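# Remarks on the overall topology
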Amino acid sequence: MLDFFTIFSKGGIVLWCFQGAGVKESFTGPVNALIRSVILQERSGSNSFTHERQSLKYKLDNEFELIFVVGFQNILTLTYVDKFIDDVQLRFRDRYKNELVQKGALMLLNNSFEFEDDFQRILREAEESSRTRSTTYMRAFQESEKSKKTVKSMIETKGGDKGKEQGGKKSKSSKKELEKPSPPGQKTLQNGNQGLTQEEIIQKKREEFIRKHTAGPTEKPSLPHIQRGRRGGGGSGQRNKQTKVFPVFDCLCMPGFSFYANKHLVCLPPPPPPPPKKGGGGGGCGWVKGWVGSKSLSQEDMEPVLEKMKEHLIAKNVAAEIASQLCDSVAKKLEGKVMGTFTTVASTVKQALQDSLVQILQPKRRVDILRDVMEAQSQRRPFVITFCGVNGVGKSTNLAKISYWLIENGFTVLIAACDTFRAGAVEQLRTHQRRLNALHPPEKHGGQPVVQLYEKGYGKDAAGIAMEAIAYARNQAFDVVLVDTAGRMQDNAPLMTALAKLIAVNMPDLVLFVGEALVGNEAVDQLVKFNQALADHSMSEKPRLIDGIVLTKFDTIDDKVGAAISMTYITGQPIVFVGTGQTYNDLRSLNARAVVGALMKA
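Residues numbered from 1 in each chain as written. Predicted model: local features only at pLDDT ≥ 70, side-chain atom pairs only at ≥ 80, totals over all residues. Heavy atoms only, no water.

## Here we look at the environment of tyrosine 58
Relative to the helices and strands, tyrosine 58 resides in strand 4 (residues 54-61). On the basis of relative accessibility, which here comes to 2%, the residue tyrosine 58 falls in the buried class. Residues tyrosine 58 and valine 69, spaced 11 residues apart in sequence, show a C-alpha to C-alpha distance of 4.3 Å. Discounting residues that sit within four places of it in the chain, tyrosine 58 has contacts with Leu34, Val38, Arg43, Ser44, Ser46, Asn47, Ser48, Phe68, Val69 and Ile85. (Helix = DSSP H or I, 4+ residues; strand = E, 2+ residues; numbered from the N terminus. Buried < 20%, exposed > 50% of the residue type's maximum accessible area, 1.4 Å probe, protein only. Contact = heavy atoms within 4.5 Å.)

So this is what it looks like as structure tokens:
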């Protein structure tokens, strides 16, 4: 039933692999997709991954830097896979522990791992245990406990009449007993001290007070019976000789003494010292051992640190769901790993989280617009960029900033006004066109304007306008076409359908989502629904989704830069530009390490 099973190091060296009978396709494609999309992108919080028609389960071994991957068809429900991959991991570790300790690529390449027999045995045991697992059936009524109850036992009596009668008979005698005066030394109290004399109650209170205010062992200390001291002359001879009693004030309480309600201070012997721990090897050695690298991290060690890290990320504007997934991924990455010398759990977890955040912000594919524009020039066609996003995030303003950046790099730009919904959208783009041409006059560029606006007014089909603009740019030899679209909320189905149609019909080279850095959890909802709408309304098998992100208003958030993490984690796509102001020059590329430094700052 298994398509393949492979064991490889985190450096990419395959130590051992198995391929099922009748499976002709290579497993390198699914495994490489797992590495690119999950392991390198720090998304290992979940141990499953789906690639086309295959389901992959994987397990990380952080002590020996190994990855165990099993693949099978996703239409199958194999309940034994999780336990099976754990058993294979333990057996492989135990058998080749000495070889794995010798770290290094050459060591791993020179060793031969003959694991076929052990693997087949573990697989047979797992499959047999899944077949012989007993099926649970619903119990019959005769097998239930309710069937064994009699009718008499299920009849409820109101208040218990028999008990009342017996209680009534006993109440008279009990009242008479209460009315009898008790002798002076044998008075009883009703507040939880039934049947205790006054001396025993005082003794009990003393013991409770000692337990609260002494640092001795938890069991009750055995105290000698202390008679109550009297102000008269004959009381001192009746006291216990081992106990000293001193008169004190109400407010006085000296260390090592206990103060009681009879205004006498009783000097008690000091509590015995706690017994030494077995096998401690000395307190100093145990303390040092906790710091040096002899401890492997467990989930319990990391849980309090990760909880604080999660709260810190949420406070820095990271979406709550993303913060939780990041902490789970870090825990899985560190579990079983041996700590370094003189390092604490907090510092280890923090460093791992920083590395994960940097890895997330560094894209799995680099978006180099200038190189792509020059490649499109060699093919004698314009390079098309489409901007989309919700209302009011600054799509038109940042489109003008990118136009200025392209002009500075020597390219000509055609702006397609496809926002035919919002009043004033065309006039806003015309103003930007006029200002950009003023900054770069046509006289300096052979009499040709470097920026032109293609517009057809309002109320027209946006997809048709974009198609006409691309054809016009091809005829007039423009280098880049920037398509401006109407802002729309992610829940507006008609507008989302229109956007998906525009992208599906015109197939732009780059689709940029424009989002603001002020959002938190809303960023996740926006990106998920935009991508879902593009996928649902696409006419091709591989739909065109968002290729990159433009993050606006980045200068207004100080160190609350969590939206960058949330957006990149959801889409897996890079942040291409960051808007940092209101002028054409205020456009920057993202510095991943600077963002992570601001994010982790307390």
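That covers the picture; the talk isn't over yet.
## A look at the packing of aromatic side chains
On inspection of all chains with the given rule, the structure shows 19 aromatic pairs. Each ring, one from tyrosine 80 and one from phenylalanine 84, has its centre 6.4 Å from the other, and the planes form 80°; the classification is edge-to-face. A connected cluster of aromatic rings, assembled from ring pairs, spans Phe5, Trp16, Phe18, Phe68, Tyr80, Phe84, Phe92, Tyr96, Phe113, Phe115 and Phe119. Just above the ring of tyrosine 58 sits the side chain of lysine 332; from NZ or CZ to the centre is 5.6 Å. (Phe/Tyr/Trp six-rings, centres within 6.5 Å; stacked < 30°, edge-to-face > 60°. Lys NZ or Arg CZ within 6 Å of the ring centre and 35° of its normal.)

## Concerning a nonpolar patch on the surface
Taken together, the side chains of Met1, Ile75 and Leu76 make up a nonpolar region of the molecular surface, amounting to roughly 350 Å² of accessible area. With relative accessibility at 32%, the residue leucine 76 sits in the partly exposed group. (Patch = residues over 30% accessible without salt bridge, like charges linked within 9 Å, V, L, I, M, F, W, Y side chains within 5 Å. Areas by Shrake-Rupley, 256 points an atom, 1.4 Å probe, with all protein chains shown as cover. Salt bridge = Lys/Arg side-chain N within 4 Å of Asp/Glu carboxyl O.)

## Here's the deal with the packing of helix 16 (residues 493-506) against helix 17 (residues 521-536)
Helix 17 packs onto helix 16 with a crossing angle of 60° between their chain directions and a minimal axis gap of 8 Å. In terms of axis orientation, helix 16 runs oblique to helix 17. In the packing of helix 16 onto helix 17, the handedness of the crossing is right-handed. Here Met496, Leu499, Ala500 and Ile503 of helix 16 lie close against helix 17, whose contacting residues are Lys529, Phe530, Ala533 and Leu534. Looking at the contact of helix 16 with helix 17, its residues break down into 7 nonpolar, no polar and 1 charged. (Axes fitted to C-alpha atoms, helices over the stretch in contact; angles between N-to-C directions. Parallel < 35°, antiparallel > 145°, perpendicular 65-115°, else oblique. Left-handed = near helix turned anticlockwise from the far one by under 90°. Nonpolar A, V, L, I, M, F, W, Y, C, P; charged D, E, K, R; others polar.)

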